[in-house]
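Structural overview for review
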Amino acid sequence: MEIAVCIGSSCHLKGSRQVVEGLQKIIAEKNLADKINLCGRFCMGNCQNGVCVTVDGQLHSVKPDGVQAFFDKEVASKL
């Protein structure tokens, strides 16, 4: 599974670093590094909706304080 987080300027200002760090922490805690490829991408063209994150190409908007809920709903259910 690939999770890509936008690291473009708009998403950076909206907290993409915190989203990346939150996902890194969850992936490490759950020992999922061999199942999830976490990477960064530049602008995904959905700047108005917060930090853009794709899970296997499917676009989502994630706020820094919603990383755990996003992971539980959109990632864990697909592993």
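Please refer to the structure placed before this passage.
Residues numbered from 1 in each chain as written. Predicted model: local features only at pLDDT ≥ 70, side-chain atom pairs only at ≥ 80, totals over all residues. Heavy atoms only, no water.

1. Here's the deal with the nonpolar core
Counting 17 residues, the largest nonpolar core has V19, L23, V53 and F71 as its most contacted members. Elements with a contribution of two residues or more to this core: β1 (2-6), α2 (16-29), β3 (51-55) and α3 (67-75). Residue contributions to this core peak at five residues, all from α2. In contact with L23, other than residues within four places in its own chain, are I3, V5, L38, V67, F70 and F71. (Core = buried A, V, L, I, M, F, W, Y, C linked by side-chain atoms within 4.5 Å. Buried < 20%, exposed > 50% of the residue type's maximum accessible area, 1.4 Å probe, protein only. Helix = DSSP H or I, 4+ residues; strand = E, 2+ residues; numbered from the N terminus. Contact = heavy atoms within 4.5 Å.)

2. Considerations on unusual backbone geometry
Phi at N31 is positive, roughly 50°, even though this residue is not glycine. Secondary-structure assignment places N31 in the loop between α2 and β2 (37-41). Its relative accessible area of 62% is what places N31 among the exposed residues. The backbone phi angle of D56 is positive, close to 50°, even though this residue is not glycine.

3. Topic: the sheet that holds β3
As summarised here, the arrangement of the four strands in space is β2-β1-β3-β4, forming an open sheet in which the pairing is mixed. Looking at which strands have only one partner, the edges of the open sheet turn out to be β2 and β4 (58-62). Neighbour to neighbour, the strand axes of the sheet diverge by 25° on average, direction disregarded. Across five bridges, β3 lies against β4 in antiparallel orientation. Following the sheet pairing, V51 is matched in β4 by V62. Running at roughly 155° to β1, α2 makes contact with β1, β2, β3 and β4 of the sheet. (Pairing = 2+ DSSP bridges. Axes fitted to C-alpha atoms, helices over the stretch in contact; angles between N-to-C directions.)

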